[in-house]
Amino acid sequence: MLTRFEHYATTSMLGSIDAPPRRNGELLFAQAWESRAFALAIALSKAGHFEWEDFRQQLIAAIGEWEAAGHPPEAWNYYERWLEALERVLGETDLAALVRGDGA
Amino acid sequence: MDGKSLDREAASAARVAALESLLIDKGVITSETVDTVLTWFERDMGPFNGAKLVAKAWRDPAYKERVLNDLPAALAELGIPRGSTGAEGEHMKVVENTPEVHNLIVCTLCSCYPWPLLGLPPYWYKDPTFRARGIREPRAVLREFGLHIPETTEVRVWDSSAQIRWMVLPRRPPGSENLSEAELAALVTPEAMIGVAEVVVPA
């Protein structure tokens, strides 16, 4: 079977703590920036800038830290954690200097 | 949403926009990259292909015969490339819902899910409880999904495996006689093709 990276990336999260929110089976984005953050992470990993598994570990860590910090549940936003994980994982890649704004 | 979350939303939106434009400026991605990924999810990951197949089968009895008896040929006619259905298309079978028989598909392994046709599986589909109860007491499970199957209708449960993956051809809803193929396809949900929902025409 021909597996697309996009499919692998999202199914690898199914049933796990870091699975993206869905409605009626489809990905659910409350705001446009959420879908852009979603697609950026997938595109950058697909292009080889980081391993998808490394991104997932950052996401799981970011979710865990948020939960441990005792925020009220209504303040939860999945894609804020997603964005945090994306920025962190990029900080460990060939794009680190570029996203920090020094050089490249 | 309170003021604080609105501020955080705005800040997040700004951070994403800044990151995307930086990466575009530096030539890491192009201005189309993000939209290409999103389009792929909207068009190819959704239940689009399965829904097209169902809508065509409703309108064309000869096509329906091929869907039920020669699925690879039926998929090829829809222009679904062989590579994108792969082994799943060849090891898939479609079962038809009728007034006499209602079909329900269960499976525990995500790899058994015919995603090129149905899109990504709903979260509950992989739940072992759903599969176990689906086999043991399908009518009760269907009732919990809000689907009441009359006692006179037989319920058949199909367990997808690596050998055969199943898909339901739902019944065409009343009131859909004048709809085009595209309009019909838009009504077909992944749930209907698993057998936990019926297709309905919005009132």
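Just so we're clear, the structure is a prediction, and the values are computed from it rather than from any experiment.

1. Concerning the overall build of chain B
Line of reasoning, step 1. Counting its secondary structure elements, chain B contains eleven helices and four strands.
Line of reasoning, step 2. In chain B, which comprises 203 residues, the share counted as buried stands at 36%.
Line of reasoning, step 3. The long-range fraction of contacts in chain B, counting pairs at least 24 apart against all pairs at least 6 apart in sequence, stands at 70%.

2. Thoughts on the overall build of chain A
Line of reasoning, step 1. The helix and strand inventory of chain A stands at five helices and two strands.
Line of reasoning, step 2. From first element to last, N terminus to C terminus, chain A shows the α and β order α-β-β-α-α-α-α.
Line of reasoning, step 3. Each of the 104 residues in chain A was classed as buried or not, and the buried ones make up 31%.
Line of reasoning, step 4. Nonlocal contacts in chain A, meaning residues at least 24 apart in sequence, comprise 58% of its contacts between residues at least 6 apart.

3. Considering the nonpolar core
Line of reasoning, step 1. With 30 residues, the main nonpolar core has V54(B), A55(B), V67(B), I105(B), M167(B), V188(B) and M193(B) as its most contacted residues.
Line of reasoning, step 2. Counting residues in hydrophobic clusters, the runner-up holds 27 residues, among them A39(A), L44(A), L59(A) and A85(A).

4. Focus: the pairing of strand β4 (residues 165-169) of chain B
Consecutive residues of a regular strand have side chains that alternate between opposite faces of the sheet.
Residues and elements named next belong to chain B.
Line of reasoning, step 1. Of all five residues in β4, five are buried; the element is thus mostly enclosed.
Line of reasoning, step 2. Examined bridge by bridge, strand β1 (residues 92-96) and β4 share five bridges and lie parallel to one another. Of the residues in β4, the one forming a bridge with V95 is V168.

5. Regarding helix α4 (residues 78-90) of chain A
Each α-helix turn comprises 3.6 residues. Residues three or four places apart therefore point the same way.
Line of reasoning, step 1. The end-to-end C-alpha distance of α4(A) is 18 Å, a good match for the 18 Å that 13 residues give at a rise of 1.5 Å each.
Line of reasoning, step 2. Judged by how many residues are buried, α4(A) sits mostly within the fold: ten of 13 residues are covered.
Line of reasoning, step 3. Looking at α4(A), one finds that the buried residues are Y79(A), E80(A), R81(A), W82(A), L83(A), E84(A), A85(A), L86(A), V89(A) and L90(A).
Line of reasoning, step 4. Elements in contact with the buried residues of α4(A): α2 (32-46), α3 (52-68) and α5 (96-100) of chain A together with α1 (3-25) of chain B.

6. So, the environment of E137(B)
Residues and elements named next belong to chain B.
Line of reasoning, step 1. Relative to the assigned elements, E137 resides in the loop between α8 (128-136) and α9 (138-144).
Line of reasoning, step 2. Its 13 C-beta neighbours within 10 Å are what place E137 among the partly exposed residues.
Line of reasoning, step 3. In this structure the C-alpha to C-alpha distance between E137 and V155, which are 18 residues apart in sequence, comes to 9.9 Å.

7. Some words on the confidence of the model for chain A
Line of reasoning, step 1. Mean pLDDT over chain A works out to 84, with 83% of the residues at or above the 70 mark.
Line of reasoning, step 2. When mean pLDDT is taken per element in chain A, α4(A) scores highest with 95 and strand β1 (residues 22-23) of chain A scores lowest with 62.

8. Describing the confidence of the model for chain B
All names here are of chain B.
Line of reasoning, step 1. Looking at chain B, the pLDDT average stands at 84 and 82% of residues meet or exceed 70.
Line of reasoning, step 2. For chain B, helix α6 (residues 82-90) is the element with the lowest average pLDDT, namely 48, and helix α4 (residues 61-69) is the one with the highest, namely 96.
Line of reasoning, step 3. Per-residue pLDDT stays below 50 along residues 83-88; that stretch engages in 13 contacts with residues further than four places along the chain or on separate chains.
Line of reasoning, step 4. Overall fold confidence for the complex sits at a pTM of 0.57, while the interface term, ipTM, reaches 0.87.

9. What about the packing of α2(A) against α1(B)?
Line of reasoning, step 1. Look at α2(A) against α1(B): their axes get within 9 Å of each other, and the N-to-C directions meet at 40 degrees. When the axis of α2(A) is compared with that of α1(B), the two are oblique. For the pair α2(A) and α1(B), the crossing hand works out as left-handed. Residues W33(A), R36(A), A37(A) and L40(A) of α2(A) touch α1(B), and the partners they reach there are S12(B), A13(B), V16(B), L19(B) and E20(B).
Line of reasoning, step 2. Residues that form the contact of α2(A) with α1(B) fall into these classes: six nonpolar, one polar and two charged.

10. Focus: the pairing of strand β2 (residues 101-106) of chain B
Residues and elements named next belong to chain B.
Line of reasoning, step 1. Within β2, five of the six residues are buried, which leaves it mostly tucked inside the rest of the structure.
Line of reasoning, step 2. Pairing of β2 with strand β3 (residues 154-159), which is carried by six bridges, proceeds in the parallel orientation. What sits directly across from I105, in β3, is W158.

11. Topic: the environment of L179(B)
Line of reasoning, step 1. Tracing the chain through its elements places L179(B) in the loop between β4 and α10 (181-185).
Line of reasoning, step 2. Remark: the alpha-carbon pair of L179(B) and R59(B), spanning 120 residues in sequence, is separated by 9.8 Å.

Conventions and cut-offs
Residues numbered from 1 in each chain as written. Chains lettered and ligands numbered in written order. Predicted model: local features only at pLDDT ≥ 70, side-chain atom pairs only at ≥ 80, totals over all residues. Helix = DSSP H or I, 4+ residues; strand = E, 2+ residues; numbered from the N terminus. Buried ≥ 20, exposed ≤ 12 C-beta atoms within 10 Å, placed from the backbone. Contact = placed C-beta atoms within 7 Å. Core = buried A, V, L, I, M, F, W, Y, C linked by C-beta atoms within 7 Å. Pairing = 2+ DSSP bridges. Expected span 1.5 Å × (residues − 1). pLDDT = per-residue confidence, 0-100. Axes fitted to C-alpha atoms, helices over the stretch in contact; angles between N-to-C directions. Parallel < 35°, antiparallel > 145°, perpendicular 65-115°, else oblique. Left-handed = near helix turned anticlockwise from the far one by under 90°. Nonpolar A, V, L, I, M, F, W, Y, C, P; charged D, E, K, R; others polar.

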